[in-house]
Amino acid sequence: MRARFRSPLGIRRAAAALALGAAISLAACTTESAPGATPNGTAGGATPTLSAVRARGAVKCGITEGAGFATPDDAGRWRGFDVDFCRAIAVALFNDPDKVQFIPYTQEQRFSGLQSGEVDLLANGTTITSSRALRQSFHFGPIYFYDGQGFLVAKSSKVTKASQLDGATICVQQGTTTELNLTDFARRNNITFHPVVMEDLRAAVSALAGGRCDAISQDGAGLATTRTMLQHPNDYVVLPDRISKEPIAPVVRTGDDAWLEIVNWVLRAPVQAEEYGIDQHNAAQFAKTTDPSIRRFLGLEPGATDGLGLDPEWTLHVIEKVGSYKDIFDRNLGPATPLGIDRGLNKLWTDGGLLYSPPFR
Amino acid sequence: MQSAADRRAVVLQGLGLGITAAAAWWLARNTSASLAQRGLTLGFGFLRHPANFEIGDTWWLAFSPADSIGRAIVVGLLNTALVSALGCVLAIAVGFVAGILRLSPNPALRGLVRAAVEIVRNTPLLLLLLFLAASLHALPPPQQALSPVRGVFLSDRGLVLPAVSIGRWTIVFALAAVVAFAPRLRLGRRWWMAPAACAAAALVAAVIQPPVITVARLEGFNFAGGVTLSPELAALLAALVLHQSAHISEVVRGAVLAVPRGQRDAASALGMSRWQTLRLVVMPVALRAMVPLLATNCVSLIKNSSLAVAIGFPDVVSILNTAGNQTGHSIETMLIMIAVYLSLSLLVAAALGRYNAHLLRTGTAIS
């Protein structure tokens, strides 16, 4: 779980809780009026989420603020890695990257927000876990980021590997899988630690800077973000150890297969584009290609993604307006950004990474 | 025989009851239908599952990650209860002193207390809390801890004190001695025999099983052994006490001022000192006006203690949030949260309500 900035306490949480309660108590009136629409919606057919999105003319995307993943720029426009995947869905549906409403959540509010129907999907760094997938009535889309939990420590502490943290005080952000991974790691390695669980990441950062904590533990990408929040980032180092697997994927509600398929294939398109060597700048040239598989992928020949009920050339639009996976990664997280995250596991399978899109055909 | 007005009232009340019941039935039916449609099932079985997370501060009840979620919630509840109980007592004490000082004839003292009360009362509690927590982070690291007395260490890891473990029987007999000393139990001329016997037994128990004092030592990152008062607990307690005592001081000042001036004049005409007037004449009357408002302030202190999660103190809200997030039972944990705060608040209100009834019956002076 990537942990990010938080909005101030209380109000948003209370709002999410109330929204969930109210939605659960009141929602049945709307679902009862359209019996049978939910369970057997077929691809392209009318489904509650898709028809709501079309009627609204915008996708509602739940995000969590954090440098590189979702932050508003000077003009108030949301930018970031997660944000770009939300925009890709908007382009696929409406051919317009601005037809998205971004709803910022804390890690703790997000599931209530999705359950209550406040958003159509979450793209906020949620880790796929079996218990979430099975117990919480969610479906996960394709993995779009591979991460793992690590530690950020002060260089002055002379700690170079995680096993040296015996007896340390470790700050973690609440509402994530972090607490669980950390506890498992400590029990597995027979070390003890003293957790300080903060609701707001900024409180954890100030605790690390003030010396209250010996380390902050979160996902690798989150640590890169957190390090930039410190006043003297160069006095701190991210330890090389990764104590967990954190496959990050978008989340949708269960019972809406057509919507899930749209999320699935739209998120795979940038990966497939990178594999074909297509990017934001050269996409137009590929419109004249004779390669049949690329022609099918770009919708120049019908058939590959007809069942989604989208514009036949949606993949081309997504690549032109948002980009390939490489475009999205380099723009938000890559070495040219303050985060400077290495592609690592997030390289294409052809380059020794884990990114692999099923074929578009 | 019923008048027309009575019959109308019955019909109207019946109608009101019917509408409320129908609304409740409709909400309940919709809720269960929506829960079923979303594939959510309610149940409290998850409370028996292992927690798999660690808790930083534990008082009275030991906790390890292998313990159940239910036990984790109880640990959080004890933390909330500790903060609430200490907070209420301290806030009332500080609030009383501040309220009385605001009525002092010395203008400098009065002004100083007034300025402090106004600043604290008119700024958000969360701000005060974050400020205090950040201030405590400015303390030196454990390697350079301040140690005013041997065995006592003050660092950014908190206040570490030597742990004293006293034998069980010593505690039992000492408590019995205190109880036996109560005025109501002083029966007969030789009443002192019972408490004296208990005290002697406690002494014997202490000799047989002497108290063990463990002094903390610095080991690697932190202190080992001893008792630690964490900076989070200290900051939370200080913020709650400061905030609520500012409110209580206003209650005290208002209640004292509400006592008619003539009573004070009469007391001083009888030659009573200022302190005697306050204690014997003003307070017994003022207390009756004050107690319901003190109860309200205690209840709001309990509810405000849920801000603990902002600075990382594991109170019951913090632990319920973690449990809800890791098991997906957020509705159940929310219900538990409601039940916990409702019962804590009603408990405090009932206790102070009884005290108030006692005051109204007897009207005794505070002694």
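Residues numbered from 1 in each chain as written. Chains lettered and ligands numbered in written order. Predicted model: local features only at pLDDT ≥ 70, side-chain atom pairs only at ≥ 80, totals over all residues.

**Observations regarding the overall build of chain A**
This is how the line gets drawn: A run of H or I in DSSP counts as a helix once it spans at least four residues, and a run of E counts as a strand once it spans at least two, with each numbered from the N terminus. With C-beta atoms placed from the backbone, a residue is buried if 20 or more other C-beta atoms are within 10 Å of its own, exposed if 12 or fewer are, and partly exposed between those counts. The contact criterion used is a C-beta to C-beta distance within 7 Å, with each C-beta placed from the backbone.
Looking only at helices and strands, one finds 14 helices and 14 strands in chain A. Looking at the 361 residues of chain A, the share that counts as buried comes to 54%. A separation threshold of at least 6 residues defines the contact pool for chain A, and within that pool the share at least 24 residues apart is 76%.

**Structural notes on the sheet that holds strand β9 (residues 169-173) of chain A**
All names here are of chain A. As a reminder, the rule being used: Any two strands with at least two DSSP-identified bridges between them are counted as paired. Angular values range over 0 to 180 degrees, each being the angle between N-to-C directions of two axes fitted as lines to C-alpha atoms, with helices fitted over their stretch in contact.
The mixed open sheet is built from 5 strands, whose spatial order is β10-β9-β11-β8-β12. Of all the strands in the sheet, the pair left with one neighbour each is β10 (194-198) and β12 (236-238). Across the sheet, the mean angle separating the axes of adjacent strands is 25° when strand polarity is ignored. Here strand β8 (residues 149-154) runs beside β12; their pairing, made up of 3 bridges, is antiparallel. Pairing of leucine 152 across the sheet is with valine 238, part of β12.

**Brief notes about the domain arrangement of chain A**
Residues and elements named next belong to chain A. Put simply, the rule is: In this document the domain limits rely on a domain assignment from an automatic tool or a database. In this count, Pro and Cys sit with the nonpolar residues alongside Ala, Val, Leu, Ile, Met, Phe, Trp and Tyr, while Asp, Glu, Lys and Arg are called charged and the others, Gly among them, polar.
Along its sequence, chain A is organised into domain 1 (11-146 + 248-351) and domain 2 (149-244). At the interface, 11 residues of domain 1 touch 10 residues of domain 2. Partitioned by chemical class, the residues of the side of domain 1 that touches domain 2 number 4 nonpolar, 6 polar and 1 charged.

**A look at the interface of chain A and chain B**
Residue-level contacts link 44 residues of chain A with 41 residues of chain B. Counting residues per element, the ones that place at least two in the side of chain A that touches chain B are α1 (11-26), α2 (28-33), α5 (110-115), α6 (130-135), α7 (178-188), β10 and α8 (201-209) of chain A. Taken together, the residues of the side of chain A that touches chain B break down into 16 nonpolar, 17 polar and 11 charged.

**Here's the deal with helix α10 (residues 316-327) of chain B**
Operational definition: Given the number of residues in a helix, its expected span is that number minus one, multiplied by 1.5 Å.
Its 12 residues place the ends of α10 of chain B 16 Å apart at the C-alpha level, agreeing with the 16 Å of an ideal helix rising 1.5 Å per residue. Summarising burial for α10 of chain B: 12 of the 12 residues are buried, a large majority. Taken together, the buried positions of α10 of chain B are occupied by Val316, Val317, Ser318, Ile319, Leu320, Asn321, Thr322, Ala323, Gly324, Asn325, Gln326 and Thr327 of chain B. Check the buried side of α10 of chain B and you find it contacts α7 and β10 of chain A together with α2 (69-101) and α11 (330-362) of chain B. Taken from the residues just after α10 of chain B, glycine 328 of chain B is the one with a positive phi, measuring 85°.

**Some points on the sheet that holds strand β2 (residues 158-161) of chain B**
Residues and elements named next belong to chain B. If you trace the 3 strands from one edge of the open sheet to the other, you get β1-β2-β7, paired in antiparallel fashion. The sheet is open, and its two edges are formed by β1 (153-155) and β7 (227-229), each paired on a single side. Adjacent strand axes in the sheet meet at a mean angle of 20° when their direction is disregarded. Of the strand pairs in this sheet, β1 and β2 are connected by 3 bridges, and their pairing is antiparallel. Residue serine 155 lies in a different strand from β2, and its bridge partner there is glycine 158.

**Structural notes on the environment of leucine 359 of chain B**
Residue and element names in this part refer to chain B. Examined against the element boundaries, leucine 359 turns out to sit in helix α11. Linking leucine 359 and proline 162, residues 197 residues apart in sequence, is a C-alpha distance of 41 Å. Those residues within four positions of leucine 359 in sequence are excluded, and the remaining contacts are Leu287, Arg288 and Val291.

**Details of unusual backbone geometry**
One non-glycine residue, lysine 158 of chain A, lies in positive phi territory at about 65°. Considering the arrangement of structural elements, one finds lysine 158 of chain A in the loop between β8 and β9. Located in the positive-phi region is asparagine 52 of chain B, a residue other than glycine, with phi close to 65°. Position of asparagine 52 of chain B among the secondary structure elements: in the loop between α1 (4-37) and α2.

**As for the pairing of β2 of chain B**
The side chains of a regular strand alternate between both faces of the sheet. All names here are of chain B. The antiparallel pairing of β1 with β2 creates a hairpin that spans 2 residues between the two strands. Note that β2 and β7 share 3 bridges and pair antiparallel. By the bridge assignment for β7, leucine 159 is matched with leucine 229.

**Points about the environment of proline 148 of chain B**
In this fold, proline 148 of chain B is placed in the loop between α4 (125-137) and β1. In this structure the C-alpha to C-alpha distance between proline 148 of chain B and valine 113 of chain B, which are 35 residues apart in sequence, comes to 30 Å.

**Brief notes about the packing of helix α10 (residues 257-275) of chain A against helix α14 (residues 325-332) of chain A**
Each packed pair of helices is defined by two parameters, the angle between the axes and the distance between the axes. Residue and element names in this part refer to chain A. Let me state the cut-off plainly: Roughly parallel refers to an angle under 35 degrees, roughly antiparallel to one over 145, roughly perpendicular to one between 65 and 115, and oblique to any angle outside these ranges.
At a minimum axis distance of 7 Å, the contact between α10 and α14 shows a crossing angle of 100°. With respect to α14, the element α10 is oriented roughly perpendicular. Contact residues: Pro270, Val271 and Glu274 in α10; Tyr325, Lys326 and Ile328 in α14. Its residues assigned to classes, the contact of α10 with α14 comprises 4 nonpolar, no polar and 2 charged.

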